[in-house]
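Coordinate inspection notes
If you want the building blocks of each chain, they are given just below.
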Amino acid sequence: MCTHMPPTGRRLAINRSRPNGLPGQDVGVILLVPANPLRPRHPDEHFAAEARAARAAGLDVAVVDHDALARGGDVRRAVASVSGSGVAVYRGWMLRSEHYAMLAEVLAERGVVLRTGGEQYRRAHELPGWYAALAPVTPPSVWTTGSERADFDRARAELGAGPAVLRDYSKSMKHYWDTAAFIPDIEDGAAAWSVARRFLELRDDDFVGGLVLRRFERFASTEVRTWWIDGVCVLIGAHPDSPNDSAPAEVDLAPVAPLISGLGLPFVTVDLALRADGVWRVIELGDGQVSDRPTTIEPRTMIEVLLARAR
């Protein structure tokens, strides 16, 4: 059963008998957040409230240079302000999987272990990493490796006739729905490629992996974002794109819960929507560290429920 409210009144820690830890020891979590580009010793304003909530809960907070990490540049300099040792959780802007792996490697050299390892991050962050496990509860999907027209046409043929939604391994351009996301008829090769070409223009250097075609399904609700730790749902809330839409009183997680648990991922979000026929469907799975928090979820709730365990 997924709860909307965190435990209160306790000092929070993570038990090191959990993944990445040692039996019988409790150590504090280090929260890593992006630095403010204009004030490099301070958290980015978007994550400042979570940083304050973490400090109030007794967690250590350190800033990292996200821009340097995103460039794949001097990673050691990017994490220079991280001190101490123990388990760390990143809450920040998206990173490419290869850049996150570099971050994990350099932090490990300093005695800091990211709770989500590099390969775990890739499986959560990129659709091909989680799709097979969730195929029964998510729209049918096919993808390419790269962005060549010939590979895209082969993927179109594999998905088959009907409407589709386009994205890459990590992100869609749904805010450009008519020009860079929705393909009314996948068999219309010229029109489909026009959408793909516009998508590639918008994604530019942020394009990840390949082109993904997902079968279009009609939904009767806005998206709901669910938050999971070690395969257990701990929080249900609105999606960041529609933060003022209340989460439905009943979200049927029974079909998806064992599949998410089976992925073995430590911290993920799963976005769901109610299909027109009344079935809950997975729209997206993402790494929880780089999933945005809707404004209607308090930072304290985020910290208490997601980043720590009661002693």
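Counting from 1, residues in each chain are numbered in the order their sequence is written. Only residues with pLDDT of at least 70 get local features here, since the model is predicted, and only at 80 or more are side-chain atom pairs given and counted; chain-wide, interface and lining totals rely on the full set of residues. With hydrogens and water stripped out, all remaining heavy atoms of the structure feed into the side-chain values.

Overview of the sheet that holds strand E15 (residues 280-287)
A pair of strands counts as paired when DSSP detects no fewer than two bridges linking them. In this description a helix means any DSSP run of H or I spanning at least four residues, a strand means any run of E spanning at least two, and both kinds are numbered starting from the N terminus. Sheet architecture is open: four strands sit in the order E13-E12-E14-E15, paired in antiparallel fashion. In the strand order of this sheet, the two ends are held by strand E13 (232-238) and E15, each with one partner. Each strand axis lies, on average, 25° off the axis of its neighbour in the sheet, ignoring direction. The strands that helix H5 (residues 118-125) touches are strand E14 (267-274) and E15; relative to E15, the one it contacts most, it runs at about 145°. Every axis in this analysis is a line fitted to C-alpha atoms, fitted for helices over the stretch in contact. Angles between the N-to-C directions lie between 0 and 180 degrees. Only heavy atoms matter for contacts: two residues are in contact if any of them lie within 4.5 Å across the pair.

Considering the sheet that holds strand E8 (residues 141-143)
Ordered in space as E8-E11-E9-E10, the four strands form an open sheet in which the pairing is antiparallel. Pairing within the sheet leaves two strands with one partner each, and these edge strands are E8 and strand E10 (182-183). Across two bridges, strand E9 (residues 164-168) lies against E10 in antiparallel orientation. What sits directly across from Val165, in E10, is Phe182. Sheet strands in contact with helix H9 (residues 189-203) are E9, E10 and strand E11 (211-215), and its direction is about 30° off that of E9.

Observations concerning the pairing of strand E6 (residues 86-90)
Of all the five residues making up E6, five are buried; the element is thus mostly covered by neighbouring parts of the structure. Bridge count for strand E3 (residues 29-36) against E6 is four bridges, and the pairing is parallel. Within E6, the residue paired with Leu31 across the bridge is Val89. Two elements, E6 and strand E7 (residues 112-114), share three bridges in a ladder whose sense is parallel. Each residue's exposure class comes from its accessible area (1.4 Å probe, protein chains only) as a fraction of the maximum for that residue type: buried when under 20%, exposed when over 50%, partly exposed otherwise.

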